[in-house]
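Residue-level structure breakdown
Next come the chains, spelled out residue by residue.
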Amino acid sequence: MPDFNVNKVLFPKLPLVAAQFKPPKDEDIERAMRAVFPEHEMLALGVAGNITMARVYKIQMMNGMYALKIAPAEVIKNEVVSNGIVKDRSNIPLPTIVYHTDDNRFNPAIPYPYFISQWIQGTAFLKAFNGASPVGKIILIRKLARCIKELHSIKFRQYGNIADEKRQFSKWSDYFNWYLNQLLTDQSIIEVLSKPLVNLIKQVTEQKKSFVNSASGPVLIHNDCNGYNLLVEAFGNDNWSITGLIDFGDSLAGPPDIEMARILLTFWDQLDSYYLDVFLSEYGPLPEGWQIRARLWGVCLLLHSVKDAMESAEISPEPEKSELLEKVNQRILVIRENLLRIRENV
């Protein structure tokens, strides 16, 4: 049972604020890469992912393909620590992190926290699933279930943030209530949530607190299994293999059923329930009340995504700003829908 201090990493206090973030120039990225690989030139560079305060670059060096991810220090630290724990305690394929910033290694070429990892080839799980045959879909769901089950075999003593001792709690209910309060007092969220919706959130969470209180022991939760962070590859007809699980920046120690929050929100709420049965037959039974706990955590994830979208909208030009605000409206509708499902035990 690993302690949270495993692979402890220190990071500088440099804030990464959306309004202050300026993407590095190509030559700065090349300088950062050459600092790690002085004998190899950079051959190609592209942006592979871009959200509020996180940016991922796909970089071709002479010695291979790499990813460089810029994000707030707490995200980078969480990803580095979680990656190390999963590599040590499972056989799940992960990218190897070859360099990360910390108090002793902070490259002025890129004045933000970042890490460099090997680039993993593969197709996003959801894309592969949508294009697979009926048999292939079942195989993929079973692969996903086995991967999540192996991840959840990694256990902890405390709930909460894996890399920050100040955000660790002896009870899941304490962490859940602390995190929900952080969200409901965040100014960017307060600006867009109506008082009736805030009251509904508080009413439903109070009504269902017994489900939060009865959560099982803490395991390693990826917390962002959205269909795109699990990469797969086909070897012949319906012969799928997992090539990598990526993006542990939001990982935490929590009860296993909350992993289903992101999966329900982005996947099974739009699919036939048959595939959920396939998943559970491979993963094994979840504790009683798991759907309530998963959907309650899903409300937190949606609130966090509202916060991210509002921060992005604040610094984005039109038409991106209007598109982000529309996403906020859509997420608020999904929050209300999930609260009503929770209240009705659906």
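Each remark here, short or long, concerns the structure printed above.
Residues numbered from 1 in each chain as written. Predicted model: local features only at pLDDT ≥ 70, side-chain atom pairs only at ≥ 80, totals over all residues. Heavy atoms only, no water.

**Observations regarding the overall build of the protein**
Across its full length, the protein carries 12 helices and 12 strands. Radius of gyration (C-alpha) of the protein: 20 Å, near the 20 Å computed for a compact globule of 346 residues. Based on the C-alpha atoms only, the size of the protein along its principal axes is roughly 60 × 50 × 45 Å. Taking all 346 residues of the protein together, 52% fall into the buried category. A fraction of 71% describes how many contacts in the protein between residues 6 or more apart in sequence connect residues 24 or more apart. Carbon together with sulfur atoms contributes 49% to the accessible area of the protein, which is approximately 16400 Å² in total. Between the averaged position of the 38 positive side-chain charges in the protein and that of its 40 negative side-chain charges there is a distance of 4 Å. (Helix = DSSP H or I, 4+ residues; strand = E, 2+ residues; numbered from the N terminus. Rg over C-alpha atoms; globule rule 2.2 N^0.38 Å. Buried < 20%, exposed > 50% of the residue type's maximum accessible area, 1.4 Å probe, protein only. Contact = heavy atoms within 4.5 Å. Areas by Shrake-Rupley, 256 points an atom, 1.4 Å probe, with all protein chains shown as cover. Lys, Arg positive; Asp, Glu negative; His and termini not counted. Charge placed at Lys NZ, Arg CZ, Asp CG, Glu CD.)

**A look at the side chain of glutamine 168**
With respect to the helices and strands, glutamine 168 occurs in strand S8 (residues 168-169). Take glutamine 168: its relative accessible area is 14%, and that puts it in the buried class.

**Notes on the sheet that holds strand S6 (residues 123-124)**
If you walk across this open sheet you meet the three strands as S6-S10-S11, and the pairing is antiparallel. Looking along the sheet, the strands with just one partner apiece sit at the ends: S6 and strand S11 (240-245). Each of strand S10 (230-234) and S11 is contacted by helix H4 (residues 134-151), which is oriented at about 40° to S11, the strand it contacts most. (Pairing = 2+ DSSP bridges. Axes fitted to C-alpha atoms, helices over the stretch in contact; angles between N-to-C directions.)

**Description of the environment of isoleucine 138**
The residue isoleucine 138 is located in helix H4 in this model. With 100 residues separating them along the chain, isoleucine 138 and aspartate 238 place their C-alpha atoms 9.4 Å apart. Residue contacts for isoleucine 138: discarding those within four places in its chain leaves Tyr274, Tyr275 and Val278.

**Brief notes about the packing of aromatic side chains**
Within this structure, the stated rule accounts for 17 aromatic pairs. Where phenylalanine 37 meets tyrosine 66, the ring centres are 4.7 Å apart and the plane angle is 35°; that geometry is what we call tilted. One end of the pair, phenylalanine 37, is in the loop between helix H1 (26-36) and strand S1 (42-51); the other, tyrosine 66, is in strand S3 (residues 64-70), with 29 residues separating them in the sequence. Under the relative-accessibility criterion, tyrosine 66 is labelled buried at 7%. Through successive ring pairs, a cluster of aromatic residues spans Tyr159, Phe169, Trp172, Tyr175, Phe176, Trp178, Tyr179 and Trp297. Over the ring of phenylalanine 129 we find lysine 137, and its NZ or CZ is 5.2 Å from the ring centre. (Phe/Tyr/Trp six-rings, centres within 6.5 Å; stacked < 30°, edge-to-face > 60°. Lys NZ or Arg CZ within 6 Å of the ring centre and 35° of its normal.)

**Points about the nonpolar core**
Among the nonpolar cores identified, the biggest contains 44 residues, and Phe125, Ile141, Leu220, Met260, Trp268 and Phe279 are the most heavily contacted of them. Those elements that place two or more of their residues in this core are helix H2 (73-89), helix H3 (125-131), H4, S10, S11, helix H9 (259-266), helix H10 (273-283) and helix H11 (290-315). If one sorts the elements of this core by residue count, H4 sits on top with eight residues. If sequence neighbours within four positions are ignored, tryptophan 268 has contacts with Ile141, Leu144, Met260, Ile263, Tyr275, Leu276 and Phe279. Within the second largest apolar cluster, 40 residues are counted, among which are Leu183, Val204, Ile335 and Leu339. (Core = buried A, V, L, I, M, F, W, Y, C linked by side-chain atoms within 4.5 Å.)

**Focus: the pattern of salt bridges**
Side chains that differ in charge, positive against negative, can pair when their charged atoms come close. Evaluation of the coordinates by the stated rule reveals 11 salt bridges. Across the pair lysine 69 and aspartate 247 runs a salt bridge whose closest N-O atoms are separated by 2.8 Å. Of the two residues, lysine 69 sits in strand S3 while aspartate 247 sits in the loop between S11 and strand S12 (252-254), which places them 178 residues apart along the sequence. A salt bridge links glutamate 311 to lysine 307; the shortest N-O distance between them is 3.0 Å. In this pair, glutamate 311 and lysine 307 are both assigned in helix H11, four residues apart and thus about one turn of the helix distant. In this structure, glutamate 311 and lysine 307 share a single accessibility class: buried. Where salt bridges share partners, they join Lys69, Glu79 and Asp247 into one cluster. (Salt bridge = Lys/Arg side-chain N within 4 Å of Asp/Glu carboxyl O.)

**Re the pairing of strand S2 (residues 54-61)**
With seven bridges connecting them, S2 and S3 associate as antiparallel partners. Bridge assignment links glutamine 60 to a residue of S3, and that residue is methionine 65. Where S2 folds back on S3, the antiparallel hairpin that results is connected by two residues.

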